[in-house]
Amino acid sequence: MSAPKVFTIAAGLPFVDELVSGVIDRFGNNPVELVKIKILVPTQRSKRSLADAFLKHNKGIALLLPRIIALGDMDEDEILFNDDLPGNIALPSQRSSQIPEALTGIERQLMLAKLILAKKKISSDQASNLGLELARLLDQVHRERLSFKNLASLVPEEHANHWRETLEFLTILTEVWPKILKERNAIDPADHRNRLFDEQVRSWTTNPPTEPVIAAGSTGSIPSTADLLSCIARLKNGLVVLPGLDRTLSKEAWSALKENHPQYGMAHLLKHIGIRREDVKDWQEKDLGFELKTRSQLIHAALTPARFEIASLPDDKEITNACENITRVDCSTPREEATVIALMMRQALETPKQTAALITPDRKLARRVATELNRWNIDIDDSAGIPLAQTPPGSFLRLTARMIADDLAPVSLLAALKHPLAAGGMKTESFRSLVRELEVYILRGPRPKPGIDGLLEAITIYDNSEIKKNQKSYVRLTNFLKELEKIFSPLSQAIKGSSLNLTEVVIQHIHLAEALAKTINEDGADRIWANEAGKNAALFISEIINYGDLIKINPKSEYPALIHTLMAGRVVRQRFGRHPRLKIWGLLEARLQQADVMILGGLNENTWPSEPKASPWMSYPMMLEFGLPTPDRRIGLAAHDFTQAFCAPNIVLTRSRQVDGTPTVPSRWLLRLENLLEKRKPKIETNKQEKWLQWVNNIDAPKKNYDPSLAEPSPCPPIAARPKKLPVTSIETWLRDPYAIYARKILDLPVLKPLDSEPGAAEFGSHIHEILDQFKKKYQNDLPEHAEQILLDLGKNIFKNHCPYPGVSAFWWPRFKRIAHWFIGHEISNRSKGYKNIGTEINGSMILKGNKGDFTLTARADRIDFVNNVGLVIIDYKTGQLPTEKQVASGFKPQLSLEGAIAVNGGFENIEAAPLSQLIFIQLTGSGIAGKAKPLKLETEEIVDEALDELIKLVNQFNDEKTPYLSSRRPMFQDRSGDYDHLARVKEWRAQPGDEE
């Protein structure tokens, strides 16, 4: 072993390019020599970047690379002492075999969850979450080379009660877990990594390699990594290359650095290696250039600890030049920030060979930028990947699990069936068409009974008039539901068990998912497990199947949440098909890479740096005393990565002034820069942002030919298309909102009910009408004995057959009982006064002579009575608010008046024309006042005539082609071009295949 050899590549230089250049300068370009070199880098991403840099240096000509190893993912397949290169003394194979196997992530999480369930009565998904937190604590303890032995004496006496509970829970790790690991001859992943590194250090210390070994880009924040770097630095042919060591910081400040400083990690590493900062050399004798050198001095001075003097800064002119290629954009919202970044990246593509990269720890911002770039069909490479739960196979598995657990509740069922992977063994377009019919006819409105049986029953129970009109739809839907039952039944039956092991449930779930994803030409497994996301999902499921027998769950209540919990933290990274010149990097990936345009996004406090996550086990002082890394260490690493990116030649700084409507605070590093330059003339100007913000405002602006003076659409369909027949219930709508008539009657657009809605006033009213209709038809002339009980029995039957919801029936039934009691008393009173019922729920119509043809008015009267020597009585049942006499008299509520007009003219079936005696509203709410009869104190002949006159005027008005169907509401179809041929548009829309929604 020799004196340590440590180098640095200055911030602002492209790290991997400089590293490759230095390797070639030192060891030549001979492939035979290059292949002997080992280069250790922090991550798999930096490994790929270094390989690309070698290829770039060789001008795209293929070459043999050095052996590049990612420290973060090193395992037995890449262990250094197992290679057999010429001249290298390999460690005996039995040494590596003595290291126990590491537990996989799912296996360890489920094992810990099982121990937690034995200790606490919680759900399996909660136990899985706690198991993940315990696993993180284990890894932290192993990484820092700590022990749980001193936990009991860690906390002051005043916290003893709380700490005693925590200690009792942590016996899972201190007492039970070591025994389990010993029984299984396994260890934790972090411990496994430590032992690999320790064995490597021991091997190289005993038998130093003769070939060059270079460790580059790591700051040695983990003790085992620091030990390895220290060993490499002392090898005869070993070199350590650090990223962005600051040589301008004073000795006093350097020796007093704290964890939240960007240079703390490297200061700690140099001390561990045993080398002074002054002895660290430059990797390449390369001039940074005056501007970048000034930029570096500027950021290092800004981040100097407050109690120490900063190094002397260049003059104002030099600082101004250094800030020339810095653009700062403060945006109003995250959406605006993402659009600005996307525009900058899009502009970079206009310059040949120019590259651009977004560097941010904010995953939401990264996803927004990727989405914005899709408007130009640009797929961007995001180093953080996409969470497995958000990929098509991951979301499909989650949605199908939730669908079965919810007993095919409408929202869960449609979410699964409308997923792009769902096909049910059919052509995709046929399957989607059936799903739309199922939604419109069955799932819109009140929720059916659970399961397929409930959906089948809903076809016949509910008043699905559209289905009844179309027998083909009825047959199609029935057959469709029976096919779905074959797919769903195995898992539906499996989850009815009170306790099953996870593996059993997952196997049935996969059978369902594959069967549901099958198309007429393609197997479901081929569709789900295809591509990178499918492979990751398949690996995830295989791990659960392998280790799911470790835990038993209540599948119906716990399985969907457990699957979602176990997916947490798993990401999918696409290997191919992304744009080669645009990147999104996390902080660690950006440390070793550089693009022509570097965009530092999300520069708000608690985003960059991120908000410290509180430990569920220890307070901040306890973590310090125990030796665990505090949040300050993570802040220091984030500060280092910001410094590296800030020193790049061309950078953009972006932030949002508000997030979710809440004002934000700029990142502490921006504030430190502002404070440093506050009394100097040079500023990081924001005037450059105006161009970008203006472009954001313009990007979605209407086309230039848009004329804001254009009037709202005025649909004027031809006379032949206008309705010639309307019920009395639609006349009020025609008066108040003609556009609603246009949409419903002319465009034939039905009103869709809400999904999974509770039965409301309309359903309650229809049930009351049906009950009273049946009662009156059966006992039209004479009331039977025990009439109230007979009416209640009819109500029970109607509610049972038409409202299969125990909760709703329980709410409605007491109201109906009060209505029944009042109604029978009212009937007795009316009959004693000579009222005789002559019809209920009776249809009627009359023809009106318009200026361009006849118009038919139809009605369905709730009830018509007759009083001798007086005349007809029109009665309307209302279960809601009653119209006022003023509204009826003014014509705003013309229903009852128009029904009276039809009756006077003999328009109701089997009822002869007769004088009109009364118009009566009967309010039946069942709450407060159970019922109330309200005769209208108006001249019936007068209001009937006035209602007819107003209706004839309305008919004649809309018999003119120039009369538009206007509404104060926003039109359903709006086209600023002036072309309002809605009928043709709807016809074309309906002819389109696939999912019109």
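No experiment lies behind these values; they were computed from the predicted model shown.

Moving on, we get to the pairing of strand E10 (residues 356-359). Residues Ala356 and Leu358 line one face of E10 and the alternating positions Ala357 and Ile359 line the opposite face, and both faces are buried. Here four bridges tie E10 to strand E16 (residues 582-585), and the two strands are oriented parallel to one another. By the bridge assignment for E16, Ala356 is matched with Leu582. Sheet analysis places E10 next to strand E17 (residues 597-600), joined by four bridges and oriented parallel. Residue pairing in the sheet places Ala356 in a bridge with Val597 of E17.

Judged by nonpolar contacts, the single largest core of 92 residues is most densely connected at Phe488 and Leu502. Filtering out sequence-adjacent residues up to four positions away, Phe488 remains in contact with Met403, Ile404, Leu408, Leu413, Leu417, Ile452, Leu512 and Leu516. Counting residues in each nonpolar core, the second largest holds 43 residues, with Leu749, Phe855, Ala859 and Ile911 among its members.

Looking now at the sheet that holds strand E1 (residues 6-9). The six strands are arranged E3-E2-E6-E7-E1-E8 in an open sheet whose pairing can be described as parallel. What marks the edges here is a single partner per strand, and that holds for strand E3 (67-70) and strand E8 (281-282). Where E1 lies against strand E7 (residues 238-243), four bridges are found, and the strand directions are parallel. Pairing of Phe7 across the sheet is with Val241, part of E7. Running at roughly 160 degrees to E7, helix H11 (residues 264-273) makes contact with E1 and E7 of the sheet.

The next thing to look at is unusual backbone geometry. For the bond from Trp608 to Pro609, the omega torsion is 10 degrees, close enough to zero to count as cis. Among the structural elements, Pro609 can be located in the loop between E17 and helix H27 (620-626). You will see that Asn869, though not glycine, has its phi angle at about 65 degrees, which is positive. Within the secondary structure, Asn869 is located in the loop between strand E23 (853-867) and strand E24 (871-878).

With that settled, consider helix H15 (residues 363-373). Leu365, Ala366, Val369, Glu372 and Leu373 are the residues of H15 that are buried. Buried positions in H15, seen along its axis, are confined to an arc of 125 degrees and lie on one side of it. Opposite its buried face, H15 presents the exposed residues Lys364 and Thr371, each directed more than 90 degrees away. In this structure, the buried residues of H15 make contact with helix H14 (334-348), E10, strand E11 (381-382) and E16. In this structure Asp362 caps H15, since a side-chain oxygen of it lies 3.1 Å from the backbone nitrogen of Lys364.

The pairing of strand E25 (residues 916-924) with strand E26 (residues 931-935) spans five bridges and is antiparallel. In the sheet register, Leu924 faces E26, and the bridge partner there is Gly931. Where E25 folds back onto E26 in an antiparallel hairpin, the turn is made up of six residues, including Gly926, whose phi is positive at roughly 80 degrees.

Evaluation of the coordinates by the stated rule reveals five cavities of 30 Å³ or more. Computed from the structure, the largest cavity encloses a volume of approximately 70 Å³. Lining the largest cavity are Leu13, Phe15, Ala590, Arg591, Leu592, Gln593, Gln594, Met598, Gln644, Ala645 and Ala648. Listing elements by their share of the lining of the largest cavity, those giving two or more residues are helix H26 (587-591) and helix H28 (631-646).

Let us look at the confidence of the model for the protein. Of the residues in the protein, 89% reach a pLDDT of 70 or more, and the chain-wide mean stands at 84. In this model residues 985-997 is a low-confidence stretch, pLDDT under 50, and it forms 18 contacts with partners more than four residues away in sequence or in other chains.

What follows deals with the pattern of salt bridges. Applying the stated criterion across every chain, the model contains 44 salt bridges. Across the pair Arg736 and Glu732 runs a salt bridge, and its minimum N-O distance is 3.1 Å. Taken as a pair, Arg736 and Glu732 lie in helix H31 (residues 728-736) at a separation of four residues, close to a single helical turn. Relative accessible area serves as the criterion here: at 21%, Glu732 is assigned to the partly exposed category. A salt bridge links Glu841 to Arg860, with the shortest nitrogen-to-oxygen separation between them at 3.2 Å. A residue pair is termed long-range when its members are at least 10 positions apart, and Glu841 in strand E22 (residues 835-850) and Arg860 in strand E23 qualify at 19 residues.

Conventions we followed
- Numbers given to residues run from 1 along each chain, matching the order in which its sequence is written.
- Owing to the predicted nature of the model, reporting of local features is limited to residues with pLDDT of at least 70; listing and counting of side-chain atom pairs is limited to 80 or more, with chain, interface and lining totals taken over all residues.
- Excluded from the side-chain calculations are hydrogens and water; all other atoms, namely the structure's heavy atoms, are used.
- Three exposure classes are used, based on accessible area relative to the maximum for each residue type with a 1.4 Å probe and protein chains only: buried under 20%, partly exposed in between, and exposed over 50%.
- Think of it this way: any DSSP run of H or I at least four residues long counts as a helix, any run of E at least two long counts as a strand, and we number them from the N terminus.
- Pairing between strands is defined by DSSP: at least two bridges between the two strands are required.
- Side-chain atoms within 4.5 Å link the members of a nonpolar core, which is a set of buried Ala, Val, Leu, Ile, Met, Phe, Trp, Tyr and Cys residues.
- Here, two residues are considered to be in contact whenever any of their heavy atoms come within 4.5 Å of each other.
- Axis lines are fitted to C-alpha atoms, over the contacting stretch for helices. Their N-to-C directions set the angle, which ranges from 0 to 180 degrees.
- Picture the helix axis, draw a direction to every C-beta atom, and the arc is the one those directions span.
- Each polar contact in these results corresponds to two N or O atoms within 3.5 Å; when the atoms are within protein, one needs to be able to donate a hydrogen and the other to accept it, and residues that are neighboring in sequence are counted only if both atoms are side-chain atoms.
- We place a 1 Å grid over just the protein atoms. Points where a 1.4 Å probe fits but has no way out form a cavity, open points with protein on both sides within 12 Å along at least 5 of 7 lines form a pocket, and any residue with an atom within 4 Å of a point lines it.
- Grid points are joined across faces, edges and corners, and a volume is the space filled by probe spheres set on the points.
- pLDDT expresses, on a scale from 0 to 100, how confident the predictor is about each individual residue.
- Any carboxyl oxygen of Asp or Glu that lies within 4 Å of a side-chain nitrogen of Lys or Arg is treated as forming a salt bridge with it.

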